[in-house]
Amino acid sequence: YSGDVKQSTENYFKALEIMSGVEDHELLAKIYNNIGWNLREQEDLEPAIDYFKKAEEHAKKINNKPFLARILNNLGVTYKNKGEYLNALKMYDEALKINEELKNVEGQIFNLNNMGLLQSHLKDYDKSISYFEQVRPLLVHSTDTVTLANYLLNYSNTLLKLNFVRQALDSA
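Note that the structure is predicted; figures quoted are calculated from it, not measured.

Things to note about the packing of helix α6 (residues 105-121) against helix α8 (residues 145-161)
Reasoning step 1: It is the contact of α6 with α8, at a shortest axis distance of 10 Å, that shows an interaxial angle of 25°. The angle between α6 and α8 falls in the class roughly parallel. Here α6 and α8 pass one another in a crossing that is left-handed. Touching Glu106, Ile109, Asn113, Leu117 and Ser120 of α6 are Thr147, Asn150, Tyr151, Asn154, Thr158 and Lys161, all from α8.
Reasoning step 2: Among the residues making up the contact of α6 with α8, the classes are represented as three nonpolar, six polar and two charged.

Set out below in structure tokens:
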């Protein structure tokens, strides 16, 4: 159901019905995470948070740390979209700690980029730049060009907001 978020959500709810009484925590974590993602895409943020939290519970039960980090990041984005910036930062930070423990460079870049973007949104440019600068040494270990492009765009935009045109051009 590519592109049909409502149909996709309905299908995940049907999957939950089928899974009733089954304790497959990995599959339940994925289903709840996907429902949360779909609800966030539909800007139904409070229920999205509830489903991400259910996904978090199941991921913790099976100690699936890589997936837990993604769920926490999804929670962070949802809190940011809801205007709950401190909660968003807390989720990003928790995800970052897990990604650091796992030595997941792509995840660390993603989390730090989100933290920098959030601080830029809040006009705390010093903190924003601090997060973006933590990404720089990690980039040599990254092969994900989309993550790199997002980082460069967000960092450059923050520098431009400060009228640091030369630095913005150098970082892009």
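We are not done yet, so read on.
So, the environment of Asn150
Reasoning step 1: Mapping Asn150 onto the fold places it in helix α8.
Reasoning step 2: By relative accessible area, Asn150 is classed as partly exposed at 35%.
Reasoning step 3: Through-space distance from the C-alpha of Asn150 to that of Ile18 is 38 Å; in sequence the pair is 132 residues apart.

Here we look at the packing of aromatic side chains
Reasoning step 1: Applying the stated rule across the entire model yields five aromatic pairs.
Reasoning step 2: Geometrically, the ring pair formed by Tyr151 and Tyr155 is stacked, given 5.7 Å between the ring centres and 20° between the ring planes. Of the two residues, Tyr151 and Tyr155 both sit in helix α8, four residues apart, roughly one turn of that helix.
Reasoning step 3: Judged by relative accessible area, which is 6%, Tyr155 ranks as buried.

So, helix α2 (residues 25-41)
Reasoning step 1: Its 17 residues place the ends of α2 24 Å apart at the C-alpha level, agreeing with the 24 Å of an ideal helix rising 1.5 Å per residue.
Reasoning step 2: Within the sequence span of α2, burial applies to His25, Leu28, Ala29, Ile31, Tyr32, Asn33, Ile35, Gly36, Asn38, Leu39 and Arg40.
Reasoning step 3: Where α2 ends, the next residue or the one after it, Glu43, has phi of about 60°, a positive value.

Some remarks on unusual backbone geometry
Reasoning step 1: A positive phi is found at Glu43, a non-glycine position, where the angle reads about 60°.
Reasoning step 2: Among the secondary structure elements, Glu43 is positioned in the loop between α2 and α3 (45-61).
Reasoning step 3: Classification of Glu43 as exposed rests on a relative accessible area of 70%.

About the criteria used
- Residues numbered from 1 in each chain as written.
- Predicted model: local features only at pLDDT ≥ 70, side-chain atom pairs only at ≥ 80, totals over all residues.
- Heavy atoms only, no water.
- Axes fitted to C-alpha atoms, helices over the stretch in contact; angles between N-to-C directions.
- Helix = DSSP H or I, 4+ residues; strand = E, 2+ residues; numbered from the N terminus.
- Parallel < 35°, antiparallel > 145°, perpendicular 65-115°, else oblique.
- Left-handed = near helix turned anticlockwise from the far one by under 90°.
- Contact = heavy atoms within 4.5 Å.
- Nonpolar A, V, L, I, M, F, W, Y, C, P; charged D, E, K, R; others polar.
- Buried < 20%, exposed > 50% of the residue type's maximum accessible area, 1.4 Å probe, protein only.
- Phe/Tyr/Trp six-rings, centres within 6.5 Å; stacked < 30°, edge-to-face > 60°.
- Expected span 1.5 Å × (residues − 1).

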